[in-house]
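Residue-level structure breakdown
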Amino acid sequence: MIDYHAHTLALEEASKTLAAAPFTDAALLSARNEIQIDLSVANGHAMLGALVDHLFAHAVSDGSELALLNRAADLWDRGVALYNDLGSVRDRFESSLAAPGDPDALSQFNTAAFDVQLFAQKAYAMQAEVIGLRDDVSSLKYLTTHPRQLDEPANSWDWSSLLLGRRTDALVRNLSRLAHDSGTRAFAFGALASYGANAAGSAYLGAVVGGPRRSHRFRDRIARNTIGSWLSRKYLTTPSPGKIAKIVRFGGPNRAVLPSGVEQLLKDALKATFDLSRTPEPPNLQRGYRRMLRHLQLIDGFSRPPVPAPPQSVWLAKLYGDPSNPPPSLRPQDVGLSGDPGGGVSLGSNSSGNPAPSQSDNEKSSTICGIIVAILIIIDLIQAFVQCIVQWAKKQTCTFWDNMLLKKLWEKDPPDPRDQPPTTDVTASSSELTAMASNDQVTQLIACLFDIHMQIWEALDRAYHFLTFHGLIYPQSLINVPVYSQFTSVPATSQWPRRPVSDPVNRYHLYPGSPLEHPAAAPSGFPVGANPDAFVPLAASRFILPLWEQIARGETDTQNLDLDADRGFLHPCWATGKSINEDPVNVRTLDYGDQ
Amino acid sequence: MEINREAIMQSTTHHQTLTHSGESAPDDRPGDTRPYLCIPYWETSRFAGDPVDIGQIRPLPTGPLPTGVISWECPGIQTTPYLPGQELQVTVDVRNSGQGSATAIATVVVYWAVPTVGFAKPSFFGATTVAAPTMRDPMVPGFASATMSGVIPVTAPNHICLLAYVTHSLDKANPVADPIGDRHWAQRNLIAVSTKTSPIIIPFFAANPFDTEELFELRVRALDRRTLELFALRMKFEPGEVQPRLRLVDGLARPMTDQTSEARLRLALGSHRQRQYSLMLDLDRQLAPYQLTAIEVVLYQSKNRERPVGSLGIVVRGDDAEA
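What you see is a predicted model, and the numbers here were worked out from it, not measured in a lab.

Parameters at a glance
- Residues numbered from 1 in each chain as written.
- Chains lettered and ligands numbered in written order.
- Predicted model: local features only at pLDDT ≥ 70, side-chain atom pairs only at ≥ 80, totals over all residues.
- Helix = DSSP H or I, 4+ residues; strand = E, 2+ residues; numbered from the N terminus.
- Buried ≥ 20, exposed ≤ 12 C-beta atoms within 10 Å, placed from the backbone.
- Contact = placed C-beta atoms within 7 Å.
- Core = buried A, V, L, I, M, F, W, Y, C linked by C-beta atoms within 7 Å.
- pLDDT = per-residue confidence, 0-100.
- Domains from an automatic or database assignment.
- Nonpolar A, V, L, I, M, F, W, Y, C, P; charged D, E, K, R; others polar.
- Pairing = 2+ DSSP bridges.

1. Considering the overall build of chain A
- Secondary structure summary: chain A contains 20 helices and 2 strands in total.
- A principal-axis box enclosing the C-alpha atoms of chain A has dimensions of 90 × 50 × 40 Å.
- Across the 595 residues of chain A, 53% fall into the buried class.
- Here the contacts in chain A between residues at least 6 apart in sequence split such that 81% fall between residues at least 24 apart.

The following block contains the structure:
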């Protein structure tokens, strides 16, 4: 099952391939004329059809992934807002302390002195939420095991798995047969494109993952997202997820509604394709539709802010004027290798990278503890600022400040998250501001705020990677990093598919080294080194157009292809004779009418 | 969407190296995801199969190009034309070859100095930040660039040295300015003289970058033939067929060495102290306007004769003034 981007590209490619096809048959010419009109007037329906597999996936899910994504998006937005707040605080501190005689200087300083405390409070309040989100996401429980891998009979499979593994071709044909107007015909064409895109794209996915989705669901998820990012970068006209959401959104401004014609078409087609007495109740499609829209909107919202501006030039000269005396950093110097506390690794022993996925890409290296580190440093820094401002105003050196710079932050107990730091009145007068401006420790404060600002940006970047690595959002600009780039080029391997790995949470960043699942199969016809753009035109020319022609001509000699390419490229829907864990697996190819 | 149909099923991008999960020997501990920064002295391969500069080879390799590196001519530092008192834009390239996937916000700081071999107290020029994503494959060129502008005072000489470092709180630059030995530091000279006058006199400082008094040896020589040839090509000139005669004099114009093809001088310098010398340079023939030659002044720490601690390059061009 491929991602949103690949589906929209496959639909576009299918439309172009159809338009360019050298038909002479009058029936085909007429059918093409009709569908081209339908597609031009009902583009949203067509794209919705192309995403029909995602619609069902959202409809059958327990909603936990979307709920996590909601929490992540909320925290992300607040984190970016805090980051921007700090930029404003820094700017006001730097301006007022650089020119304390300016008319605005005093109010700038005093508002900044108050806002920096609010900033610390807001950051502190997020701590527990960040830790909670990290723990909930890290388990990857929202990516559930495929029912085939649990040896569940098909009559108890959820509808998402069922539509990818049973009567796939038949459903496409029934959707086309039952469509009765431009909207439903465009939707059916989109579903046909979805079928072809999954048949070709899942084969590619299986090849780069090392096995099918049911065996490597974590790895499959980041591969799916990476391929989507790769394609959207290569084909710049690909709509963003937010744009896709707008294209496929129907209903009033307050409530999105799956078009009734589409909903009825899907219900009728399911009834015509499956014996519903041997399946679970069809899912709530309206719920799935609204979840899908929300999902598309949320994954579009994770943009990293611009990097922090350096301090104003007058401060830069003070901070960096003497290369032998660089400004201080409050980053704990006994951090772990991943930049998180507690590793006890000395600085200076940094190691350079490796072009293949490695230990530095594993689950434990992809945490979001950087945020917690930054929050605790902020608390310390603001506490010192409040303690010292009175002494700085008297042109005195503050010993509390020196102690803060000297102490090892991680050797003390972290503050209790329930003890929110108080706000203290630190209003300064003009003369006090002037006195502070020349204090070396105030220059260090400017440096520390800059340092914290950079740490927060890096913490946001790590959080972005964390969400990407756990399959919640797209990697986008990260796709050249080895842990993602491994999925955009077909590897050289002669043994496929691999069985599930033990401890997959800690190993899914690596190509599986688990035993072969017999009988061995060929994952795809893609050559070694093929990039994701290989499967999109293949989907159109090999699957979508031929099946469309058959439907238009009333021919019926195709197979139901497994849309997870579970046993490799072009493999029909299949069932296990006994258990999926047998060696070899008893692969029983299903007849066209089998469910 | 433009799709190359002929490429379907025939894509030939580089083959991927498989790294297996290794069912028997997992390493589930956190990996090192800290940055590994450098200002690259070679941004593309120097020869076939050569990785780009990721900072692992320090001290910088000496010897003839292309395996050797000109330490005073880092291509990772670029400038607009320099005139004292006018705005100068400096761009510094940064490569982060760290592991993991994190982007580091690196700080880039630039200094300028009068011609100096070894840097004691360079003057601050500017500083800025740059987002440096990891670039883990050393066979693939790439870097992030930081650009800053400033004005070097009108009182500054026509020829200066630029010195830059990149730093991060998890990958700090050494506080000693050491372009040869520390991957975070780099140097570029903006020194070029013409053969209009003879002998050519180039004043410079020898400086101790260390916190302790040190003994040094100053060595002055022309670039060897092959290095000069490659350097001239890089500068879009031709190498001159000249034999420079060199002599060092002190700040009072007293000769410190004989006139020779390679001058050497031993000296002691206190912590961060510097001493002025001049190089008197005689060429046995004129350079054509399209030719150049280059002299290298290198400061060695005496307790480790093979460890250069500073260098300075002087490029002599043929006089191209219109008649």
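From this point, things continue past the structure.
2. Quick look at the nonpolar core
- Within the largest apolar cluster, 254 residues are counted, with the highest numbers of intra-cluster contacts made by Ala10 and Ala539 of chain A together with Val94, Val108 and Ala164 of chain B.
- A total of 18 residues in this core trace back to one element, the largest contributor, which is helix H18 (residues 440-469) of chain A.
- In this structure Ala539 of chain A touches Ala10, Gly196, Ala197, Ala199, Ala200, Gly201 and Ile544 of chain A, once residues within four positions along its chain are discounted.

3. Considerations on the confidence of the model for chain A
- When pLDDT is averaged along chain A, the result is 90; 92% of the residues meet or exceed 70.
- Considering only residues more than four positions removed or in separate chains, one finds that residues 334-347 of chain A, a stretch of pLDDT under 50, has 42 contacts.

4. Some thoughts on unusual backbone geometry
Residues and elements named next belong to chain A.
- Across the junction of Trp496 and Pro497, the peptide omega takes the value 0°, indicating a cis bond.
- In this fold, Pro497 is placed in the loop between helix H19 (482-485) and helix H20 (535-553).
- Cis geometry is adopted by the peptide bond preceding Pro584, which originates at Asp583 and carries an omega value of -5°.
- Within the secondary structure, Pro584 sits in the loop between strand E1 (574-576) and strand E2 (587-589).

5. Structural notes on the domain arrangement of chain A
Residues and elements named next belong to chain A.
- When the domains of chain A are assigned, the result is domain 1 (4-63 + 142-301 + 473-589) and domain 2 (98-140 + 312-345 + 357-469).
- With centres defined by C-alpha atoms, the gap from domain 1 to domain 2 works out at 47 Å.
- Elements with a minimum of two residues in the side of domain 1 that touches domain 2: helix H10 (217-234) and H19.
- Along the lines of polarity and charge, the residues of the side of domain 1 that touches domain 2 split into 12 nonpolar, 3 polar and no charged.

6. With respect to the sheet that holds strand E14 (residues 245-250) of chain B
Residues and elements named next belong to chain B.
- Reading across from one edge, E5-E11-E16-E14 is the order of the 4 strands in this open sheet, with mixed pairing throughout. The sheet terminates laterally at strand E5 (116-117) and E14, the two strands that pair on one side only.
- The pairing of strand E11 (residues 200-207) with strand E16 (residues 274-282) spans 8 bridges and is antiparallel. Its bridge partner lying in E16, Ile202 is registered against Leu279.

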